[in-house]
Amino acid sequence: MAKRDRQVDMTGETVSVSELIEDAHYAIKKLERETISLKDHIEQLETSLRDLEVPEIPTDRELRQMTSHEREVLLQARSDREVRLRDLQGSRKRLHFVEDELANWHHRLQSNF
């Protein structure tokens, strides 16, 4: 194999350019699948949040008049909403990271090979 067809990777090992290209294509495919999955998940979360009925926070007086079961239902509904909001935020951050990483892999392929 010609010397120019060999490169040193991040671990210091010598690998062929074709191996690097193969690895890049593998990473791109995985990232593209994750992008699709994340977009679907985000859409589901947004829909569920839109459809979720979250009771308003009652006044102190109203809260004292509620039964313990009513308070529990109220707190659980608000808690469920917060969990979905955090999941949505985390999924959006992950999607942004994956899209950046995907762009980096495409750039590496275009500029190095």
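To be clear, the structure that these remarks concern was listed above.
In this text the structure is predicted, and so the values were computed from the model without any measurement.

For the rest of this paragraph, the subject is the nonpolar core. Among the nonpolar cores identified, the biggest contains twelve residues, and these are Ala24, Ile28, Leu31, Leu38, Ile42, Leu45, Leu49, Leu88, Leu95, Val98, Leu102 and Leu109. Looking at this core, the elements with two or more residues in it are helix H1 (17-51) and helix H3 (68-112). In terms of residues, this core owes the most to one element, H1, which gives seven residues.

So, on to the side chain of Thr35. Here Thr35 lies in helix H1. Looking at Thr35, the relative accessible area reads 9%, which means it is buried. Separated by 2.8 Å, the side chain of Thr35 and the backbone oxygen of Leu31 make a polar contact. Beyond its immediate chain neighbours, meaning those up to four positions away, Thr35 contacts Leu95, Val98, Glu99 and Leu102.

Definitions and limits used
Residues numbered from 1 in each chain as written. Predicted model: local features only at pLDDT ≥ 70, side-chain atom pairs only at ≥ 80, totals over all residues. Heavy atoms only, no water. Core = buried A, V, L, I, M, F, W, Y, C linked by side-chain atoms within 4.5 Å. Buried < 20%, exposed > 50% of the residue type's maximum accessible area, 1.4 Å probe, protein only. Helix = DSSP H or I, 4+ residues; strand = E, 2+ residues; numbered from the N terminus. Polar contact = N/O pair within 3.5 Å; in protein donor to acceptor, adjacent residues only side chain to side chain. Contact = heavy atoms within 4.5 Å.

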